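Listed below, chain by chain, are the residues.
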Amino acid sequence: MAEITGDQRVQSEVLEGLATAVNHRRWFVELAVPHLGDNPIEIGSGLGDYALEWAEHFPRFTATEADPDRLVSLKERLADRPNIEVRQMLLPHSERGDYSAAVSYNVLEHIDDHVGALRSMRDLVRPGGRIVLIVPAFQFAMGPADIATGHVRRYTRKTLGAALTEAGLEVEELHYANALGLIGYFMATKVFRLMPKEGPMVKVYDSLVLPVTKAAEQRVRPPFGQSVFAVARVPA
């Protein structure tokens, strides 16, 4: 049975802190946009920061959230955006849809049955559409922050690719992103046992380190990263 994992209060605090990492968010928004078609759905919209930016690019956009309290806040925040529909959604489920794509950032790692969740995303998307994901990378980086926020696992390119394939999806793009972020995350959360919240470290990283990392990774794909980025096609 599907369930919401992790401390929802801690998750919300982390989301609020990371909302200040504007450059990081815009980079990851840009990664997804070319793959989302004309009517995408986001699985796990959280506070709505990504939804607000993605919705600028599409005539219709659907934001979803599993946690009832965050769902209320999400509806309030997006109420004045007529092209955004907000609804509750918890994966896995048996619903079918005709969306152009499903995008889900830092959600799959919370779900025990991640292959079932991917199949649910697949069933929401029309044939030929895409599933676009970002998940945290490398199990060695699993620390107190992951556990507190309900992470079941972290991924490599190999393990995420295997889950996508098992879910009946055709992998088109699969690579690591934010190499320097992995080092910073490991030191902050595993060594110093800090939570990734708003503060000077996040601001310095986002304003100084992130632009350099982004520029470098646009030229050369790194062999490791804080995240795994994936695009998979729903077969005809």
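The following refers to the structure shown. Just so we're clear, the structure is a prediction, and the values are computed from it rather than from any experiment.

### A word on a nonpolar patch on the surface
A cluster of nonpolar side chains, namely L180, I183, M187, V191, F192, L194, M201 and F224, defines an oily patch on the protein surface of about 730 Å² accessible area. Element by element, the count of residues in the nonpolar patch is highest for helix α8 (residues 179-191), at four residues. Take V191: it is sitting in helix α8.

### What about the packing of helix α5 (residues 114-124) against helix α7 (residues 157-166)?
Running from amino to carboxyl end, α5 crosses α7 at an angle of 55°, the nearest separation of the two axes being 8 Å. Here α7 runs oblique to α5, going by the angle between their axes. Seen along the crossing, α5 lies across α7 with a hand that is right-handed. In contact with H114, V115, L118 and R119 of α5, α7 contributes A163, L164 and E166.

### Notes on the sheet that holds strand β2 (residues 61-65)
Overall, mixed pairing links the seven strands, which are arranged β3-β2-β1-β4-β5-β7-β6 in an open sheet. Two strands lie at the open edges of the sheet, namely β3 (84-88) and β6 (170-177), each paired on one side alone. Pairing geometry for strand β5 (residues 125-136) and strand β7 (residues 227-233), over seven bridges, is antiparallel. Each residue of the ladder has a partner; that of V135, found in β7, is V228. Of the strands in this sheet, β4 (99-105), β5, β6 and β7 are in contact with helix α2 (residues 22-32), which crosses β4 at around 150°.

### Quick look at unusual backbone geometry
With an omega of -5°, the peptide bond running from L91 to P92 counts as cis. Relative to the helices and strands, P92 resides in the loop between β3 and β4. Here F138, not a glycine, exhibits a phi torsion of approximately 75°, which is positive. With respect to the helices and strands, the residue F138 is situated in the loop between β5 and α6 (144-148). Take F138: its relative accessible area is 15%, and that puts it in the buried class. One non-glycine residue, N178, lies in the positive phi region at around 70°.

### A word on the packing of α8 against helix α9 (residues 200-219)
The axes of two packed helices give the description: the angle between them and the distance between them. Here α8 crosses α9 at 150°, and the two axes come no closer than 8 Å. Taken together, α8 and α9 sit at an angle that is classed as roughly antiparallel. Residues A179, L180, G181 and A188 of α8 lie in contact with α9, whose contacting residues are M201, Y205, V209, T213 and E217. Its residues assigned to classes, the contact of α8 with α9 shows six nonpolar, two polar and one charged.

### A word on the packing of aromatic side chains
Per the stated rule, a full pass over the model turns up nine aromatic pairs. Aromatic pair W27 and F28: ring centres 5.3 Å apart, planes at 55°, arrangement tilted. Of the two residues, W27 and F28, neither departs from the other in class, the shared state being buried. Each residue in the set W27, F28, Y50, W54, F61 and Y105 is aromatic and connected to the rest through ring pairs, giving one cluster.

### Considering the pattern of salt bridges
A full pass over the atoms with the stated rule returns 14 salt bridges. We note a salt bridge from D38 to R126, for which the minimum N-O separation is 3.5 Å. Of the two residues, D38 sits in the loop between α2 and β1 (41-42) while R126 sits in strand β5, which places them 88 residues apart along the sequence. By relative accessible area, which is 37% here, D38 ends up partly exposed. A relative accessible area of 25% places R126 in the partly exposed class. E172 is the salt-bridge partner of R130, the closest N and O atoms lying 2.9 Å from each other. On the criterion of sequence distance, the pair formed by R130 in strand β5 and E172 in strand β6 is long-range, its members being 42 residues apart. Sharing partners across several salt bridges, the network here consists of D38, D98 and R126.

So, how was this worked out
- Residues numbered from 1 in each chain as written.
- Predicted model: local features only at pLDDT ≥ 70, side-chain atom pairs only at ≥ 80, totals over all residues.
- Heavy atoms only, no water.
- Patch = residues over 30% accessible without salt bridge, like charges linked within 9 Å, V, L, I, M, F, W, Y side chains within 5 Å.
- Areas by Shrake-Rupley, 256 points an atom, 1.4 Å probe, with all protein chains shown as cover.
- Salt bridge = Lys/Arg side-chain N within 4 Å of Asp/Glu carboxyl O.
- Helix = DSSP H or I, 4+ residues; strand = E, 2+ residues; numbered from the N terminus.
- Axes fitted to C-alpha atoms, helices over the stretch in contact; angles between N-to-C directions.
- Parallel < 35°, antiparallel > 145°, perpendicular 65-115°, else oblique.
- Left-handed = near helix turned anticlockwise from the far one by under 90°.
- Contact = heavy atoms within 4.5 Å.
- Pairing = 2+ DSSP bridges.
- Buried < 20%, exposed > 50% of the residue type's maximum accessible area, 1.4 Å probe, protein only.
- Nonpolar A, V, L, I, M, F, W, Y, C, P; charged D, E, K, R; others polar.
- Phe/Tyr/Trp six-rings, centres within 6.5 Å; stacked < 30°, edge-to-face > 60°.

None of the figures reported here should be taken as evidence of function without further support.
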